Amino acid sequence: MKILVTGGAGFIGSNFIYYLLENRPEYETVCLDKLTYAGNLKTLDSALKSGKVTFVKGDIANRDFVDELFEKQRFDVVVNFAAESHVDRSIESPEVFLQTNIMGTASLLDASRKHGVKRYHQVSTDEVYGDLPLDAADSFFTEETPIHTSSPYSASKASADLLTLAYFRTYGLPVTVSRCSNNYGPYHFPEKLIPLIITRALNDENIPVYGQGLNVRDWLYVEDHCKAITMIIEKGRAGEVYNIGGHNEKTNIDVVKTVLSILGKPESLITYVKDRAGHDLRYAIDPAKISGELGWSPETKFDEGIKKTVKWYLENKTWWEDIINGDYKDYYEKMYSGR
Ligand code: NAD
Ligand code: DAU
């Protein structure tokens, strides 16, 4: 089985490559990644040494390059993680989100069709459903929830989902789509909430909390996500959407306080800042379809996963210090100064 993992030098894609190495040693993996600010080849060091993973640098939206790669490699399965993934960046500069997330997906779909890929899997997000109210704790996203996006990021991801499903209906390309809630775990880029809290708290820097910190996210340990994707590509029905997540809802302020307490850092580091434009209130997944059909359910409770994650950041300081001491400084200044 030869599998193409796009975006495999990023957070979830790299965890997926390590998951396959551990659990599907018979798979041959090719990672295609443009190495944007979010991609990091050091993350894949030991995967590349295994001899079962090869790396190709390139842009999923470069059609000629993608076509040539598919012609040469003859992939059985394609899993598309490659994306611009940060909501705040999409509010500042939407264009690259349209280019990578929509045009890049279209280029992969065409190559998959032309070269007879047996399963194309699109990694999507619960953000395509918009948000749920804060005062209706028993409301959840199901696969039937209408698409109702809030940010340029989520609109670009929804466009890619619709295109993927259209290739099933129109051309019979065997596709699946998964829509997952917020992930956390190793190799998470420090622009996102949880690694931002950990890395800033360890440096005794203030923690910016948007609005009042009452927005709710449904946190999923990244390894649980990787297991779900593996089950979908192996056993999921073509043409179907599967939601991934499961009842680990927390307010942002609770997450911040939990991490500070694990690290033994004071709550005085918390700084409330101007809210994100269009900020989604609450995400919460109903995982009934994937658990009923494929037998998946999340194995890592938040209390356990967050401790493992903090431990990983403590033990892998060079990984994140190299990031926050580079271009990231300018990013942080631009996004947060005077906020
Ligand atoms: P990430 O930003 O950490 O990684 C994205 C990777 O894609 C990087 O390695 C980057 O270099 C690569 N990339 C970007 N543009 C590319 C291009 N044009 N061609 C090739 N490679 C390119 O993102 P992530 O958090 O790992 O998210 C992975 C996928 O999962 C995304 O599609 C995202 O929408 C989706 N998702 C993420 C979460 C989450 O909580 N992080 C939850 C649900 C869904
Ligand atoms: O739900 C899945 C989505 O989760 C993925 O599709 C996205 O790729 C991923 O980035 C994530 O989106 P969020 O916007 O939910 O994640 P983020 O870490 O940016 O923010 C989480 C919450 O924390 C959100 O309510 C905004 C808030 N926040 C975030 C940052 C970066 C803060 O309060 N302060 C911050 O500095």
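Provided above is the structure to which this section pertains.
Residue positions within a chain follow its written sequence, with the count starting from 1. Each chain takes a letter, starting from A, and each ligand takes a number, starting from 1, following the order in which they are written. Reporting in this predicted model follows two pLDDT cut-offs: at least 70 for local features of residues, and 80 or more for side-chain atom pairs to be given and counted; totals over whole chains, interfaces and linings ignore these cut-offs and use all residues. Hydrogens and waters are ignored; side-chain quantities use all the structure's heavy atoms.

Some remarks on the site of ligand 2
Counted only if it meets this: Here a residue counts as near a molecule or strand whenever at least one of its heavy atoms sits within 4 Å of it. For the purposes of these results, a polar contact is taken to be a pair of N or O atoms within 3.5 Å, where, inside protein, one atom must be able to donate a hydrogen and its partner to accept one; residues adjacent in sequence count only when each atom of the pair is a side-chain atom. What counts as a helix is a DSSP run of H or I of at least four residues, what counts as a strand is a run of E of at least two, and both are numbered from the N terminus.
Every one of the 24 residues lining ligand 2 counts as a neighbour, but Asp126, Tyr153, Arg276, His279 and Tyr336 are closest to it. Here an oxygen atom of ligand 2 sits 2.8 Å away from a polar atom, N or O, in the main chain of Leu193. A per-element tally of the shell around ligand 2 places strand S8 (residues 207–210) first, with three residues.

What to know about helix H9 (residues 252–263)
As a reminder of what qualifies: Here the expected span of a helix is defined as 1.5 Å times the quantity of residues minus one.
Helix length check: H9, at 12 residues, gives a terminal C-alpha distance of 17 Å against a target of 16 Å (1.5 Å per residue), a fit within 8%. Backbone geometry just after H9 places Gly264 at a positive phi near 70 degrees.

Some words on the packing of aromatic side chains
Both the distance between ring centres and the angle between the ring planes are used here to describe each pair of aromatic rings. What counts here: Working definition: rings of Phe, Tyr and Trp (its six-membered ring) pair if their centres are within 6.5 Å, and the pair is stacked with planes under 30 degrees apart, edge-to-face with planes over 60 apart, and tilted otherwise. For the exposure calls, accessible area comes from a 1.4 Å probe over protein chains only, and a residue counts as buried if that area is under 20% of its type's maximum, exposed if over 50%, partly exposed in between. Each ring is checked for a lysine NZ or an arginine CZ that lies within 6 Å of its centre and within 35 degrees of its normal; such an atom marks a charge sitting over the ring.
Here the structure, examined in full by the defined rule, presents 21 aromatic pairs. On the basis of an interplanar angle of 85 degrees and a centroid distance of 6.4 Å, the ring pair of Phe97 and Tyr153 is categorised as edge-to-face. Within this pair, whereas Phe97 is found in helix H5 (residues 95–114), its partner Tyr153 is found in helix H6 (residues 152–171), the two being separated by 56 residues in sequence. Pair check on accessibility: Phe97 and Tyr153 agree, each one buried. An angle of 70 degrees between the planes, with centres 5.4 Å apart, marks the rings of Trp312 and Trp319 as edge-to-face. Of the residues examined, Trp312 reaches a relative accessible area of 13% and is grouped as buried. Taken together, Tyr37, Phe189, Tyr210, Tyr328, Tyr331, Tyr332 and Tyr336 form an aromatic cluster joined through their ring pairs. For Arg89, the ring lying beneath its charged end belongs to Tyr37, and the centroid distance is 3.5 Å. Sitting over the face of the ring of Tyr283, Arg217 holds its NZ or CZ atom 4.0 Å from the ring centroid.

Focus on the side chain of Lys289
Put simply, the test is: Whether two residues are in contact is decided by their heavy atoms, any of which lying within 4.5 Å being enough.
Among the secondary structure elements, Lys289 is positioned in helix H10 (residues 288–294). For Lys289, a relative accessible area of 18% gives the class buried. Apart from the residues lying within four places of it in its own chain, the contact partners of Lys289 are Glu143, Arg237, Glu240, Val241, Tyr242 and Leu294.

Some words on the pattern of salt bridges
Spelled out, the test is: Just to be clear on terms, a salt bridge is a Lys or Arg side-chain nitrogen sitting within 4 Å of an Asp or Glu carboxyl oxygen.
Overall, the coordinates contain 20 salt bridges when judged by the stated rule. The closest approach of N and O atoms between Asp322 and Lys42, which form a salt bridge, is 3.1 Å. One end of the pair, Asp322, is in helix H12 (residues 317–324); the other, Lys42, is in the loop between strand S2 (28–33) and helix H2 (45–49), with 280 residues separating them in the sequence. Notably, a salt bridge pairs Glu293 with Arg237, separated by 2.6 Å at the nearest N-O pair. One end of the pair, Glu293, is in helix H10; the other, Arg237, is in the loop between helix H8 (222–235) and strand S11 (240–244), with 56 residues separating them in the sequence. Members of the salt-bridge network, linked through shared partners, are Arg237, Glu240, Lys289 and Glu293.

Coordinates in, geometry out; function isn't part of it.
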